[in-house]
Amino acid sequence: MQFFGGSSLTSVAPESSPAPAAPPGTGTGSNAQVIYVFNRNGVCLLYREWHRPLRTLARNQDQKLMFGLLFSLRSFTAKIDPTSTEHANLGAPLLPGQGCSFHSFKTNTYKLNYMESPSGIKLILLTHPRTGDQRDALKHIYSLYVEYVVKNPLYAPGSPIKSSHAK
């Protein structure tokens, strides 16, 4: 399934078929650059990029670094949570929903938007730094994942999503 079509940062050649509407919250132009979907074990189920001018790493290295970044940020946010009386060791695995979490962070070149489902599915959407809150868009993408992947009797849980529609 195609979540977004094109990019507002550069001109992209039009596709032969019209792109589906962008999920809610993305505005009129698609600012999505990269999407990752990880399971709870760190296996990348889906990776798709639309606008990435410079590639410095191999795809599997990039995915390992992204999952490691998420693991570290979740662990760090849980460790410094001012509302929790129990602070686990930094780097200790957390269950989905355990501890406080983050929704996004921004650099001068991109914004990382993050959502984790109760089942441990992690959705990461890299966008333009001026893009607004993408929580609704990530929830929409997750609902598509549940509807078309999880409910598919031919899908083996934990295996990468290999479909011509996932582009």
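Here, every reference points to the structure presented above.
Description of the structure in this document. Not measured: the values here are computed from a predicted model.

Cut-off values and rules
Residues numbered from 1 in each chain as written. Predicted model: local features only at pLDDT ≥ 70, side-chain atom pairs only at ≥ 80, totals over all residues. Heavy atoms only, no water. Pairing = 2+ DSSP bridges. Helix = DSSP H or I, 4+ residues; strand = E, 2+ residues; numbered from the N terminus. Axes fitted to C-alpha atoms, helices over the stretch in contact; angles between N-to-C directions. Contact = heavy atoms within 4.5 Å. Buried < 20%, exposed > 50% of the residue type's maximum accessible area, 1.4 Å probe, protein only.

### A word on the sheet that holds strand S2 (residues 44–49)
Pairing in this open sheet of 5 strands is antiparallel, and the strands run S2-S1-S5-S4-S3 from one edge to the other. The open sheet is flanked by S2 and strand S3 (104–106), the only strands paired with a single partner. Across the sheet, the mean angle separating the axes of adjacent strands is 10° when strand polarity is ignored. Two strands pair when backbone bridges link them, and S3 and strand S4 (residues 111–116) are joined in this way by 3 bridges, in the antiparallel orientation. Counterpart to Lys106 in the pairing with S4 is Lys111. Against the sheet, helix H1 (residues 59–79) touches strand S1 (32–38), S2, S3, S4 and strand S5 (122–127), its axis set at about 75° to S1. The strands touched by helix H2 (residues 135–150) are S1, S2, S4 and S5; relative to S4, the strand with the most contacts, the crossing angle is about 50°.

### A word on the pairing of S4
Regular strands have side chains that alternate between both faces of the sheet. When you tally the buried positions in S4, you get 6 out of 6 residues, the bulk of the element. Count of turn residues in the S3/S4 antiparallel hairpin: 4 residues. As defined by bridge partners, S4 adjoins S5 across 6 bridges and the pair is classed as antiparallel. Directly across from Leu112, in S5, lies its bridge partner Leu126. Counted along the chain from S4 to the antiparallel partner S5, the turn is 5 residues long, and its residue Gly120 has a positive phi close to 95°.

By themselves, these figures tell us nothing about what the structure is for.
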